[in-house]
Amino acid sequence: MIRLHGVSKIYPNRVAALVNVNLNVERGEFVFLVGPSGAGKTTFLRLLMRHILPTSGHIIVDGRNICRLRQWEVPYYRRRVGMVFQDFKLLPAKTVYENVAFALRVTETPPSEIRRRVPEVLRLVGLQDRAKAHPADLSGGEQQRVSIARAIVNRPDILLADELTGNLDPDTSWGIMDLMQEINRMGTTIIMATHNMSIVNRMKKRVVEIDCGRVVRDEDGGGYRGEA
Amino acid sequence: MIRLHGVSKIYPNRVAALVNVNLNVERGEFVFLVGPSGAGKTTFLRLLMRHILPTSGHIIVDGRNICRLRQWEVPYYRRRVGMVFQDFKLLPAKTVYENVAFALRVTETPPSEIRRRVPEVLRLVGLQDRAKAHPADLSGGEQQRVSIARAIVNRPDILLADELTGNLDPDTSWGIMDLMQEINRMGTTIIMATHNMSIVNRMKKRVVEIDCGRVVRDEDGGGYRGEA
Amino acid sequence: MRPSTLRYYIGESLAGIRRSTSLMSLGTIIASFLVLGMLGLVFINIYHISQFIESRVEIRAFLKDGLSASDIRGLQSRLSAVPGVKRVSFISRDEGLKRLKAQLQDKRFLLDVMEENPLPDAFDIELKDPRNVKSIAATISRMPGVDEVNYGQGFAETLFTTTRFILIVSMGLFAIIASLVVFIIGNAVRLSIFARRREIEIMKLVGATDWFVRWPFLLEGIMIGVAGAGLSCAVLVVLYQTCLDYVGSGMPFLPLVSDPFVIAATCLALLFAGAVMGATASWVFMKRHLRV
Amino acid sequence: MRPSTLRYYIGESLAGIRRSTSLMSLGTIIASFLVLGMLGLVFINIYHISQFIESRVEIRAFLKDGLSASDIRGLQSRLSAVPGVKRVSFISRDEGLKRLKAQLQDKRFLLDVMEENPLPDAFDIELKDPRNVKSIAATISRMPGVDEVNYGQGFAETLFTTTRFILIVSMGLFAIIASLVVFIIGNAVRLSIFARRREIEIMKLVGATDWFVRWPFLLEGIMIGVAGAGLSCAVLVVLYQTCLDYVGSGMPFLPLVSDPFVIAATCLALLFAGAVMGATASWVFMKRHLRV
Ligand SMILES: Nc1ncnc2c1ncn2[C@@H]1O[C@H](COP(=O)(O)OP(=O)(O)OP(=O)(O)O)[C@@H](O)[C@H]1O
Ligand SMILES: Nc1ncnc2c1ncn2[C@@H]1O[C@H](COP(=O)(O)OP(=O)(O)OP(=O)(O)O)[C@@H](O)[C@H]1O
Ligand SMILES: [Mg+2]
Ligand SMILES: [Mg+2]
């Protein structure tokens, strides 16, 4: 489903964040992306979102090179990809409810459908009581969960999650991970960048380790650290 | 050194983030603040920073009620308190170097001193190479480390750390925790809100657990979860 | 477009207006339109007054002595046929003396010392465009029966140079200031969009099309433009009416434009300019933020 | 304050100006000052021209026939002693006729038909403030030896009403537009500070005093204000010089202000206004963001 051929990303300030990455991810896979701080995980996910374009190489999703999408096609591609951003990227002027509903509004979902699905997904992340709050009035973990709710509310084909549990306590984290597994079972491909060792170790999924912009390990059912 | 008497904080939207908190922290202590997402940890730290004022109760630091500080005294109080913010709060228009140097500039530290201490502390957090970058060009973990560098550069009496390792990989996290212990040994009182179970469990420090705005546990050398 | 989406756009743009960045631009826009509207009215009045003053320039053709009544009638119809002539009226020498007395006012004593009326019969000739006075006067002076023509030679030329200068300067000033005001309004909208560039980026990242992001901003731009122009129109009309009343009672000789149609047209022009400027400014300045 | 801190303040404010929010306000401020400066010059000229026209109002006092030379000299010194009189000059009847001929231009034929000079000797009396013409004329008319006074009765009153009206309207317009411009500039600075409110909050949280945060903003406000005013002054001076040249060659009778001192004073006033407005706007609008 997702194929990367020799992908490199060098930022304008000449930092080489990714170097010659080759990777295949099949439909319905659950992949952990691990590696030290600054390794290039977020860069990897931003490339898949078509938030940024690679300096060289091809990224093929469902047979289409997403680097060649025309400007007007990009939004339609992005609707199939949900992303939980490391810095949440919530709209400060909108309430929690409106932030989540926004992902449905852009697809012109009928209002009745929006009114049904938003409270449902807010309940899943445990925020049903905070629907009317604004992002600035939320705790860090609550903001993170709003971002999760927004990413999953329109049932994307691919879910990219960046540091999904960085601001969550272990219990809430496990609740969210159960949710992720549920979503994954329903057919969504999940790529998740994380530093949470215990989650990676316990879930026994495919683990791709990046270091200094290179893929240094790609192991099915692996742990946070390689066997070496 | 820090004394809280019946401190409550009710936000304008009527969320009671802290309810009747009583706590003493002695000089040179190292306290972990744990609890589920939305429990009130950040609120607790913001009160100690005098970023917000409590709805009721007193907060005494070094014998002074910081809720009664006059407007002009607040900056001088804050210089004695370093804080690592959950959302980093870096100045987007300044480089990494300037962000860290800013905490020294406000105290009118001589330029020679600034030129000595900033690179030193950037080395401690492993960012010597990124000194000229702007926050927007940094990875999440790098931003977090800039925030840490800024908090410790002027050697505060009290260090408040909110989710210090949320965006850091385990190795970097332990490096930072070693640094914290070093700083603590040199006499700085540290209060650290965290969800990182393995760090809390391994460090065996005093643990204060908050749930729904109340202190539910206060245990020396405890783990992330109580014995129950 | 679904009706729910339309409703969403309108709701969003109203919400946008309520936010402080937009309110600040609204203030700037009202102020700018007030400046524009005031100067516009001043300019219209300067134009009107200069037209009025120029229209006072007419030709007086003095007749030779001893023309018969039919000669005079014949001359009158030939004068009326000259291209550019609007109206020709006969002034008998007695009528002429009466008017001269009224006109000379404080120099009336000049006439008192005269034994007989020194004036000949004459025609007063009003022109369609007073700026042609010189050539028409030349034509008329060559007609048989005409002794001498008089249109305030010298004075008329000076008058035309002066009114043309004042018109050019005020039009130039108005044009420069209008473009400055357009610039100021554009800048206000730009700054307001700039303050929300992060939001635009987030919307695009969540899968919004350019148009989905743009519509609320465009509507907001139009609403702010129209509201700003409308409010300043209201203020303008009140101020101008006060001015008209004051002039009407104290200086009836000053010919200000009081035609309600002209004033309404000015207001409509402002409203239209508001809508167009709000929309284009939003459109143009959003462009670069949409490239995500 | 340490020299290093001062250097920091200046560096910060320069860095601030280079950021796009400030550049946008700079554009708005230049445009606003141009509007202000142009209208200021127009207003100064309107005032100057109306003063010039009013200064043409003077009193002509006709003398009784048969006064001796010493009578005339005595009258002249008594006239000069009347409060409000600036200068008194004697116009003999021959001189008077010569001037009247020049003045009547197209009505000269009136004089041609006269056998003898109908004029008496007269004094021309210039006034310190032409607006007092009526009462001074009344005083003079009662003096022995004076037959009649003439100052364009009726016309002078109309002229004064009109110039006063034009002055009031243009001053009112200038005052309103000036306050609108002040408002626009204030808003631009406010929006620019609003876009950086998070930064101000962060600075305060890191332990900066209000003054430490404020200084760079104040300096930035002053620099932007002065730069905006300075640039618009340069444009203004060029535009105005063009205008002066044009008028000087084509309409020498139009008395525009060309005194370099007045123009320099206008520019200085703009620069000063720029500095003060930049500083106060920064100060006022930063206040609420500093309460952290
Ligand atoms: N917009 C940018 N411009 C320039 N350099 C960037 C930009 N974003 C990231 N970088 C640099 O690229 C490298 C990889 O960054 P990336 O954000 O992908 O790391 P990461 O693996 O997500 O790290 P973390 O775990 O700390 O979030 C880092 O060194 C970072 O400084
Ligand atoms: N500025 C605010 N205005 C209103 N409510 C707020 C504000 N900040 C926090 N809250 C609410 O107060 C409660 C406690 O928030 P706080 O940020 O202290 O939690 P926390 O323990 O830091 O959580 P986390 O681990 O998720 O960061 C939450 O329910 C939050 O929604
Ligand atoms: Mg990252
Ligand atoms: Mg928190």
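Residues numbered from 1 in each chain as written. Chains lettered and ligands numbered in written order. Predicted model: local features only at pLDDT ≥ 70, side-chain atom pairs only at ≥ 80, totals over all residues. Heavy atoms only, no water.

**Student:** How do you make sense of the overall build of chain A when you look at a structure like this?
**Tutor:** For chain A, the helix and strand inventory stands at seven helices and ten strands. A globule of 228 residues ought to have a C-alpha radius of gyration of about 17 Å, and chain A, at 17 Å, matches this closely. Expressed along its principal axes, the backbone C-alpha trace of chain A runs to roughly 45 × 40 × 35 Å. Per-residue burial over chain A gives 61% buried out of 228 residues. A fraction of 65% describes how many contacts in chain A between residues 6 or more apart in sequence connect residues 24 or more apart. For chain A, the accessible surface area stands at approximately 9,100 Å², while carbon and sulfur atoms represent 49% of it. (Helix = DSSP H or I, 4+ residues; strand = E, 2+ residues; numbered from the N terminus. Rg over C-alpha atoms; globule rule 2.2 N^0.38 Å. Buried < 20%, exposed > 50% of the residue type's maximum accessible area, 1.4 Å probe, protein only. Contact = heavy atoms within 4.5 Å. Areas by Shrake-Rupley, 256 points an atom, 1.4 Å probe, with all protein chains shown as cover.)

**Student:** How do you make sense of the coordination of the magnesium ion (ligand 3) when you look at a structure like this?
**Tutor:** Ideal geometry at a metal centre: 109.5 degrees between donors when four sit tetrahedrally, and 90 or 180 degrees when six sit octahedrally. Donor atoms from the polypeptide that coordinate the magnesium ion (ligand 3) comprise Thr42 of chain A (OG1) and Gln86 of chain A (OE1), at 1.9 to 2.2 Å from the metal. Highlighted residues: Thr42 of chain A in helix α1 (residues 41-48) and Gln86 of chain A in the loop between β6 (81-84) and α3 (96-105), separated in sequence by 44 residues. (Donors = N, O, S within 2.8 Å, 3.2 Å for Na, K, Ca; no water.)

**Student:** Help me understand the pattern of salt bridges in this model?
**Tutor:** If the charged atoms of two oppositely charged side chains come close together, the side chains can form a pair. Counted by the stated rule, this structure contains 55 salt bridges over all chains. Close ionic contact of Glu54 of chain C with Arg131 of chain C constitutes a salt bridge, the shortest N to O distance being 2.6 Å. Here the residue Glu54 of chain C occupies a position in helix α2 (residues 20-55), and Arg131 of chain C occupies one in the loop between β3 (122-127) and α6 (133-141), the gap between them amounting to 77 residues. Residue class for Arg131 of chain C comes out partly exposed when judged on its relative accessible area of 29%. The salt bridge partner of Glu95 of chain D is Lys98 of chain D, with a shortest N-O separation of 3.9 Å. Of this pair, Glu95 of chain D and Lys98 of chain D both sit in helix α4 (residues 93-104), three residues apart, which is roughly one turn of the helix. (Salt bridge = Lys/Arg side-chain N within 4 Å of Asp/Glu carboxyl O.)

**Student:** What exactly am I supposed to notice about the interface of chain D and chain B here?
**Tutor:** Buried accessible area, meaning the area lost when the parts come together, often serves as the stated size of an interface. Every contact between the two is made by 21 residues of chain D and, on the other side, 22 residues of chain B. Between chain D and chain B lies a buried interface of about 2,100 Å² when both sides are counted; carbon and sulfur atoms form 62% of it. On the chain D side of the contact with chain B, Ile202, Leu205 and Val206 of chain D bury the most area, a combined 29% of that side's loss. There are one salt bridge connecting chain D and chain B. With a closest N to O distance of 2.5 Å, Glu12 of chain D and Lys94 of chain B form a salt bridge. Counting across the chain D and chain B interface gives seven residue pairs in polar contact (both at pLDDT 80 or more). Every element with two or more residues in the side of chain D that touches chain B is listed here: α1 (3-18) and α8 (197-205) of chain D. Per-element tally for the side of chain D that touches chain B: the top contributor is α8 of chain D, with six residues. Residues that form the side of chain D that touches chain B fall into these classes: ten nonpolar, four polar and seven charged. (Buried area = accessible area lost by both parts, 1.4 Å probe. Polar contact = N/O pair within 3.5 Å; in protein donor to acceptor, adjacent residues only side chain to side chain. Nonpolar A, V, L, I, M, F, W, Y, C, P; charged D, E, K, R; others polar.)

**Student:** Would you mind showing me how to read the nonpolar core here?
**Tutor:** One finds Phe32 of chain A together with Phe32 of chain B to be the most contacted residues of the largest nonpolar core, which totals 191 residues. Apart from residues no more than four positions distant in its own chain, Phe32 of chain A is found in contact with Met177, Met192, Thr194, Ile199, Val200, Met203, Lys205, Arg206, Val207 and Val208 of chain A. (Core = buried A, V, L, I, M, F, W, Y, C linked by side-chain atoms within 4.5 Å.)

**Student:** Even after reading the chapter, I still don't get the site of ligand 2, so can you show me in this structure?
**Tutor:** Around ligand 2, a shell composed of 22 residues is seen, among which Arg130, Ser139 and Glu142 of chain A together with Thr42 and Thr43 of chain B lie nearest. Lying at an intersection of chains, ligand 2 is approached by residues of chains A and B. Residue Asp137 of chain A places a main-chain N or O atom 3.1 Å away from a nitrogen atom belonging to ligand 2. Separating an oxygen atom of ligand 2 from a side-chain N or O atom of Thr42 of chain B is a distance of 2.5 Å. Protein contact buries 93% of the 640 Å² of open area that ligand 2 shows by itself. Mapped onto the shell around ligand 2, the elements with two or more residues apiece are α5 (140-153) of chain A together with α1 (41-49) of chain B. Looking at the shell around ligand 2, its residues break down into six nonpolar, twelve polar and four charged. (Near = heavy atom within 4 Å.)

**Student:** Sorry, what's going on with the coordination of the magnesium ion (ligand 4) here?
**Tutor:** Coordination of the magnesium ion (ligand 4) by the protein involves Thr42 of chain B (OG1) and Gln86 of chain B (OE1), with metal-donor separations of 1.9 to 2.3 Å. A residue is classified by how much of its surface remains accessible, and Gln86 of chain B, at 16% relative accessible area, is buried.

**Student:** Help me out: how do you make sense of the domain arrangement of chain A in this one?
**Tutor:** All names here are of chain A. Each domain of chain A was delimited in the assignment, giving domain 1 (1-80 + 157-228) and domain 2 (91-155). Just the C-alpha atoms count here: the centres of domain 1 and domain 2 sit 23 Å apart. Contacts between domain 1 and domain 2 engage 14 residues on the former and 13 residues on the latter. Interface area for domain 1 against domain 2, summed over the two sides, is near 1,000 Å², with a carbon-plus-sulfur share of 66%. It is Arg79, Asn167 and Leu179 in domain 1 that bury the most area against domain 2; as a group they hold 44% of the surface buried on that side. Across the domain 1-domain 2 interface, the total number found is zero salt bridges. Here domain 1 is connected to domain 2 by four residue pairs in polar contact (both at pLDDT 80 or more). Examining the composition of the side of domain 1 that touches domain 2, we find that five residues originate from one element, helix α6 (residues 170-185), more than from any other. A breakdown of the residues in the side of domain 1 that touches domain 2 according to their chemical character gives seven nonpolar, four polar and three charged. (Domains from an automatic or database assignment.)

**Student:** What am I meant to see in the site of ligand 1 here?
**Tutor:** Around ligand 1, the surrounding shell holds 22 residues, and the nearest of these are Thr42 and Thr43 of chain A together with Arg130, Gly141 and Glu142 of chain B. Neighbouring residues of ligand 1 are not confined to a single chain but are spread across chains A and B. Between ligand 1 and Asn13 of chain A there is a distance of 3.4 Å, counted from a nitrogen atom to a side-chain nitrogen or oxygen. In this structure, an oxygen atom belonging to ligand 1 sits 3.3 Å away from a main-chain N or O atom of Gly140 of chain B. Burial of ligand 1 by the protein chains amounts to 93% of its free accessible area of 630 Å². Class assignment for the residues of the shell around ligand 1 results in six nonpolar, twelve polar and four charged.

**Student:** Sorry if this is basic, but what is going on with the packing of helix α2 (residues 20-55) of chain D against helix α9 (residues 210-250) of chain D here?
**Tutor:** Working note: a packed helix pair is described by the angle between its axes plus the distance between those axes. Residue and element names in this part refer to chain D. Remark: α2 packs on α9, axes separated minimally by 8 Å, with the N-to-C direction vectors making an angle of 45°. The angle between the axes of α2 and α9 places the two elements in the oblique class. Remark: the crossing between α2 and α9 carries right-handed chirality. Residues Ser22, Leu26, Ile29, Ile30, Phe33, Leu34, Gly37, Met38, Leu41 and Asn45 of α2 lie in contact with α9, whose contacting residues are Glu220, Ile224, Gly225, Ala227, Gly228, Ala229, Leu231, Ser232, Val235, Leu236, Leu239 and Tyr240. A class-by-class count of the residues in the contact of α2 with α9 yields 15 nonpolar, six polar and one charged. (Axes fitted to C-alpha atoms, helices over the stretch in contact; angles between N-to-C directions. Parallel < 35°, antiparallel > 145°, perpendicular 65-115°, else oblique. Left-handed = near helix turned anticlockwise from the far one by under 90°.)

**Student:** Explanation requested: the sheet that holds strand β7 (residues 158-162) of chain A in the structure shown.
**Tutor:** All names here are of chain A. The six strands are arranged β6-β7-β8-β3-β9-β10 in an open sheet whose pairing can be described as mixed. Two strands bound the open sheet, and with one partner strand each, they are β6 and β10 (214-219). For this sheet, the mean inter-axis angle between neighbouring strands, taken without regard to orientation, is 15°. Strand direction decides the pairing type here: β6 and β7, joined by four bridges, are parallel. Pairing of Val81 across the sheet is with Ile158, part of β7. Across the sheet, α5 is in contact with β6 and β7; its angle to β6 comes to roughly 175°. (Pairing = 2+ DSSP bridges.)

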